[in-house]
Structure formats: C-alpha cells, structure tokens
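If you want the building blocks of each chain, they are given just below.
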Amino acid sequence: MKFLKASLFLLTMLSAGAIAQTSRDAKMDQFISSLMQKMTIDEKLGQLNLPGAGDITTGQASSSDIAKKIEEGKVGGLFNIKTAQKIRDVQKIAVEKTRLKIPLIFGMDVIHGYQTVFPIPLGLSCSWDMPLIERSARIAAIEASADGINWTFSPMTDISRDARWGRASEGSGEDPYLGSQIAKAMVRGYQGDDLSRNNTIMACVKHFALYGAIEAGRDYNTVDMSRVRMYNEYFPPYKAAVEAGVGSVMTSFNEVEGVPASANKWLFTDVLRKQWGFNGFVVTDYTAINEMVDHGLGDLRTVSALSLKAGVDMDMVGEGFLGTLKQSLEEGKISQQEIDMACRRVLEAKYKLGLFEDPYRYCNIKRSKTEIFTPAHRKEARATAAQSFVLLKNDHNVLPVKKSGTIALIGPLADATENMTGTWSVAADFSKSVSLLNGLKSAVGKQAKIVYAKGSNLTADPKLEERATMFGKSLRRDNRSAEEIRNEAIQIAKQSDVIVAALGESAEMSGESSSRTDIGIPDVQQELLKELLKTGKPVVLVLFTGRPLTLKWESENVPAILNVWFGGSEAGDAIADVLFGDVNPSGKLSMTFPQVVGQVPLFYNHKNTGRPLAEGKWFEKFRSNYLDVSNDPLYPFGFGLSYTKFEYSDIKLSSNTLRHGQEITASVTVRNAGAVEGKEVVQLYIRDLVGSITRPVKELKGFQKISLKPGESREVSFKITEDDLKFYNSNLDFVAEPGDFKLFIGTNSRDVREADFKLE
Ligand code: NOJ
C-alpha cells in the first residue's frame, strides 16, 4: 500500500513535471512562431550567422566593425568575447538598435575551466571521478557566466586512439564507456538542471563525428570507417551527451563516408535528430562550410545549401549561410522551411537560456568581480589536478620525496608558469598560474632547500620550439649552447639529495593543429635526463604532456615517473601535494601508452583477429605482430600506481547464468595492503566470446573509485544485466546475443581476475 502510494505520488510528480515542460515548450513555440512571423528572410539568415568577435575594446563596442553588422541584423551570436561589461555593450546594440531586438548568444571555448583552469580534459578523464569532473564543469560555468558568456564549445567527446593527434589532449581518451560517463558529467556540470539560471551555460558536444579517427593522426585529415564501428566504438559518447540534454552540437572538419560532416545529412538528420532525438541546434566548426570547397564539394553557394539541408543551423565565421542562402532560396535549391527550421532552433536556444526575458542575464558586473578565480574555485582546481596525475613508475619508493635536505628542480617545464594551463585555456591569466618551482617552494617552506636550473630548452630546433610555444606560452628560449645550459644544471643537481626533472611537452605541443610524428620527450631534454641519471642521485621524472608519449627508455632507466599532463592554474601546488605525499596519486590512464610510435593506433579494446598471438609470446611467424617490437603497450589503459598497494580477491559471481530480464552480481574484495590511505579505481571488463560480428577482446563496462585506509578491505560489486552486453550488429540493431562471456575485474585493463558466465 505504502509502495502504491509512493508510486502514485511519483507518477503525479513526474507528470506534473512533464506538463510543466510541455507548457513551457508550448509557450516557447508560441513566442518563437510569433517572432518569426515578423522576421524578414535577411533577419532569419542573420540568426544563423556566428562571427568571431574580433577586437572589441571595452567601451568601444558601438564603433567596432562588428557593431554595424549587428545593427543590420546580420549576427545571431558572437564568440570569443568576454567580460560582462563588453558583452553588455554588444548585447545593447542587438536589443536596442536592431528592428526586432533579438538578443545575441555569446559562445566561447571554455574547455577545462575558465580563469580557474582545471587539468586538460585528457588529464581530467584520468581521475575517473564523475562528481569531480561535473564540479569542474560547474565551476567553469559559474565563472564564464559571471563574465557574460552563456554557451561553451565543450565537451569534446571524440574517441582518441592515436597519440600522434594533438587533440587527444582535449578529449577523454580511447574508451566509449568512460567517455560516455564523462560526457554526461560535463553536460550536467555546465547546464545544471535549468539553463535559464544565470550561472549555467549551454554545452556543445563536439566534433560530430569521428574527428578522433583521422588518418595518421594528422589534424583535419580524412576519416573512413564502417558503420558498425561508428555505432559501437565512436558514437556512444556523443549519444550520451545528447541523452544528458546537451543544448547544441558542433560539426567536425573531417569527412564521414566521403561527405564532410558539415554537409552530412545522414549524420545530422538521421542519426542525431531522428535516431537519438536531439532537439537542440547544430553549429559548424570554424569555417567548416567554406572548407567544403577545398574538400571538393562545389562552390560556396553549393556547399552552404548542402550544409543547411543536412540539418546544420548556424555557420561559424565563414558567412556562407549569410552570403548565399538567399540566392539559393530564390533558385529553389533550398526551401523556406529549411531556413525557418534552422532559425527556429537558434531562437529556441536563446529562449532556453532566458535571453528573451533578460538579455543581460549573464552580464552582472558584480558577479564578475566576486565569482571568478576565487580561493574556493582554486582550491577545488588544485585538488582536482592532483586526482588527474598518473604515477607510472615508482621503484624503491623514491616517491614521495621528503621535505628535507636539498631538492634540485631541473628542466624547461620547471619554471614555466605560462605553460601550466595547457592548451585551450583562452580565458586564463597565465601569469597567475602556479609553476612547479613556486609550488615546491611554498610546500617546503624552510624545511628543505630548492635549487633550480633550466637544464635544456624545449627542443634543439628553435623553429619547432616557436611553433610549440604559441599564444603567449613562451618557454623563454635560452640561446646558450645545449651543453652550457646542461652543465650548469648538472653542477646544481650534483649538490642535491634528490632530482626532480620537469620534462616533456610544452602546452601547445598538443591541442589543435599540433600533431606529432615523434611522440617522445624531445631531443635535448632526453640528453639532459641521461646526464641527470649519471649523477647517481635519485631522479623523479615529472612528465608534462598532452598525449601519451613513448617512454620506453625512461621506463627502463628512471626510477620514478609521475605523469602530470597540464594540471591547470594550480598545477604547481597540486604536483607538490603529490610529490611530497600529502596526496596519494590515484589517476588511471584513459589512453594507452605505446612502446613505440609505430604501434599506434594502439588501444585495449581491439579485436582478436584470426591470427592472434598466443598469450605470453611476443613474436610468432604468421601471427598478427611485428618483427621488432611486441604487441604490448608500455602502459595499458586503466593503469596507474599508488603510494600504497591494493590486493584483489578472486571474483565471486552470484550466478554463472544471466537470464533474460534478470541480473547477476560480480564482486571482488579489495584490500589496501600498504601503509598509507589510497584511492583505487576498480575496473570491470567483459568479453563476448562468440558473436554474429566480431567483438573486442575486452570492453570496460563499469568502474568504482574507492578509498581505503591501510589494512582496510572492501567488497566491490557490479550488477550485470543484458543491457551491458548489447552491441550494434550488422543491421545496426542494438542486441545482446545469448552465449558465453568472460568477465574481468582488476586494477587496469591488463592485470585482472577472470570469471565466466552465460547469457541465456
Ligand atoms: C575550431 C575547433 O576545432 C573547435 O573545437 C573550436 O570550438 C572552434 N575552433 C572555436 O574556437
């Protein structure tokens, strides 16, 4: 009875919610229909236009180049403009000087924090901590919205399996399941449960679709893959973002099945809207419509029409829509209805953000003074950064380092304030970031002496260094000879008790248009590392990077390696927290580290092939392998050490048979067998042994991050239902096929316990 009452109550609440939603939608529809009745074709096309803001200085909005365009009703939104005052000035032009007073939407690449910068997304994903990731997006939304912004071009959910691709740094790695959880967390963090609140912003999932699968890891290159692979391996994180209610989607630069994404009707109309039920708006990537001329799809008029017809609503920067759609309409190449649909979707986004009610909703000058880069946000960013670091090696417990004696900090990334935030940190004030040098100094105070030398430039090649330190992220190149710079450091290192080598990539060595063919630590830095090791002092490699690097030599010769990615504005303090053991590292790789670049793309959830290598072997003639290197990764997906040790029991299954409509439970007991408290990510993988199509050797299906005190044990359980076993078959039906399965639980994708079960 009690249950019945509770259910009735719940139903009433749900339907009340649904009714409220429907009436809100009805109100919105009515509002927009009546507005659109008044709009001319030019005004409608203006709504589809998203130029970059250019150089608008505070107080000069009305005399800027863009002002005239706005006044003429040729602009639907602007991007990469910030500060509440400037945005207020620009918004004023739209709502006071245009005929219909339609407010603008203001977008920005708020990718991993705003002024308080969190770790780069690849680093953040290694925390495997969804509440933490959601909070980072929440804080980014609070700060961005306090500075006038109401729309972010994030999350990027492109599956990345190729470490050569610089943009791997902007995503959540190689796994569709982990990527989907993160996509949902980020959308929730940005959008909250009410987009019209003044501290939530609209998210934009990107880049739809398959951008991470570009050939040879060379940015903007071609993609070609089967639909089965798209649906099973690449689509899930985009779909998860849609299911989480993401307000907008961005097209990708690459082609999909021979048609560039920005003109791909199958992607945007069939998959995104019809199959997944997406009801927000689609924006192109930067000049992606114009680029279809170079792709070879026709002139600007043709490609703009194709894009609109594909289901794209807003044109970023290129003005193909603005300049050509009217003529295409007159020529009957596109319909009035297609323009109306795109215009309606853009207006709906503005309505949902509450901009028609109050166009200045996000322009609260007081908020911009009190809610950005606050001590509370910085504290959260510091704690988050520490969770993103991955301990790759720690022989003889070199780490944690004691706060005593002399610590030599050596390397081009050691005093590199401007590089700490990593790629895509457009709102950051780089000078406010905490460098590793400052982090170490403030952590030790008077307890230890920190001595510092640069030791080497980023790389021997000054031209490469120039390309890798753009956007104000200089590493202040030292023009002395490599030997001179190195010798100075070695002298200092020799007087220390322990050496911390801060090496790796610069911030802009990954990110957009930063693909690499050699993914090792650059030349002069490796030479420096070798010389540091020769001193005989214990060496800790603090590795800065935006992608998996090839570290075979380092993994064999350096006693401790802590991968810190680019930790954000508080990176230096966070690294010190982990180096000195105030925080125990718990990050786990979300992307496989190869031994050599020739192995990429290398990922854990690959297929078995018809000629798999026998377990334990590394070469057999006529098997799928290489002559010169084993198939193994250097560090597998899910890998990461701790200052403590975790022991896993065997797996207990509640039953070896999973029946249709039922569930089984798989449990392990995890024990902290070390001397310090630590966090562990317990990972569940499943293999479908026989299928109507070939299935991966392992797929992540669940994980739990737990914290255990020394000596403490905990039983960790996972429920498995038929849904966890579903995949898209060759008809693209989402099915679970009865048969035999293997289940694995462990500390990473390689080191696991096994059990077997059947689906009946
Ligand atoms: C190009 C990038 O591909 C995209 O991710 C970004 O959001 C836009 N530029 C806008 O800056």
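Everything quoted here is computed from the prediction, not taken from an experiment.

About the cut-offs
Residues numbered from 1 in each chain as written. Predicted model: local features only at pLDDT ≥ 70, side-chain atom pairs only at ≥ 80, totals over all residues. Heavy atoms only, no water. Domains from an automatic or database assignment. Phe/Tyr/Trp six-rings, centres within 6.5 Å; stacked < 30°, edge-to-face > 60°. Helix = DSSP H or I, 4+ residues; strand = E, 2+ residues; numbered from the N terminus. Buried < 20%, exposed > 50% of the residue type's maximum accessible area, 1.4 Å probe, protein only. Lys NZ or Arg CZ within 6 Å of the ring centre and 35° of its normal. Pairing = 2+ DSSP bridges. Axes fitted to C-alpha atoms, helices over the stretch in contact; angles between N-to-C directions. Right-handed = clockwise from strand over helix to strand, strands pointing away. Near = heavy atom within 4 Å. Polar contact = N/O pair within 3.5 Å; in protein donor to acceptor, adjacent residues only side chain to side chain. Areas by Shrake-Rupley, 256 points an atom, 1.4 Å probe, with all protein chains shown as cover.

Draft legend 1. Expanded view of the domain arrangement of the protein chain. Split into domains, the protein chain comes out as domain 1 (55–102), domain 2 (203–352), domain 3 (378–591) and domain 4 (646–759). Domain 1 and domain 3 are separated by 42 Å when their C-alpha centres are compared.

Draft legend 2. Representation of the packing of aromatic side chains within the structure. The tally for this structure, following the rule as stated, stands at 30 aromatic pairs. Both rings, one in Y211 and one in F253, keep their centres 6.1 Å apart while their planes meet at 80 degrees; by these two values the pair is edge-to-face. Here the residue Y211 occupies a position in the loop between β5 (204–208) and α8 (227–234), and F253 occupies one in the loop between β6 (248–251) and β7 (255–256), the gap between them amounting to 42 residues. With relative accessibility at 0%, the residue Y211 sits in the buried group. Residue F253 is classed as buried on the basis of its relative accessible area of 7%. In this arrangement the basic side chain of K206 is found over the ring face of W424, its NZ or CZ atom lying 5.7 Å from the centre. Above the face of the W266 ring, R227 is positioned so that its terminal group lies 3.7 Å from the ring centre.

Draft legend 3. Quick look at the side chain of T406. Within the secondary structure layout, T406 lies in strand β12 (residues 406–410). Of the residues examined, T406 reaches a relative accessible area of 16% and is grouped as buried.

Draft legend 4. Geometry of the sheet that holds strand β9 (residues 281–283). Read across the open sheet, the three strands follow the order β5-β6-β9; overall the sheet is parallel. Edge positions in the sheet fall to β5 and β9, since each of these pairs with one other strand and no more. Strand-to-strand twist in this sheet, taken as the mean axis angle between neighbours without regard to direction, amounts to 25 degrees. Inspection of the sheet shows β5 paired to β6 by three bridges, in the parallel sense. By the bridge assignment for β6, C204 is matched with S248.

Draft legend 5. Expanded view of the sheet that holds strand β3 (residues 105–108). Reading across from one edge, β2-β3-β4 is the order of the three strands in this open sheet, with parallel pairing throughout. Whereas interior strands pair on both sides, the edge strands pair on one side only; in this sheet they are β2 (77–79) and β4 (151–152).

Draft legend 6. Spatial organisation of the pairing of strand β15 (residues 539–544). For β15, the buried fraction is high: six of the six residues fall into the buried class. Judged by which residues are buried, β15 turns out to be covered on both faces: V539, L541 and L543 on one side and V540, V542 and F544 on the other are all buried. Sheet analysis places strand β14 (residues 498–504) next to β15, joined by six bridges and oriented parallel. Directly across from A502, in β15, lies its bridge partner V542. Each parallel crossover has a hand, and for β14 linked through helix α20 (residues 523–534) to β15 it is right-handed. Pairing of β15 with strand β16 (residues 560–563) involves four bridges; the strand directions are parallel. If you follow V542 over to β16, its bridge partner there is L562. Traced from β15 through helix α21 (residues 552–557) to β16, the parallel crossover comes out right-handed.

Draft legend 7. Structural detail: the site of the ligand. Near the ligand, the surroundings consist of 13 residues, among which D109, R167, K206, H207 and D285 are the closest. Measuring from an oxygen atom of the ligand, one finds a side-chain N or O atom of R167 at 2.6 Å. Note that an oxygen atom of the ligand is positioned 2.8 Å from one of the side-chain N or O atoms of K206. About the coverage of the ligand: the protein hides 96% of its 300 Å² of free accessible area.

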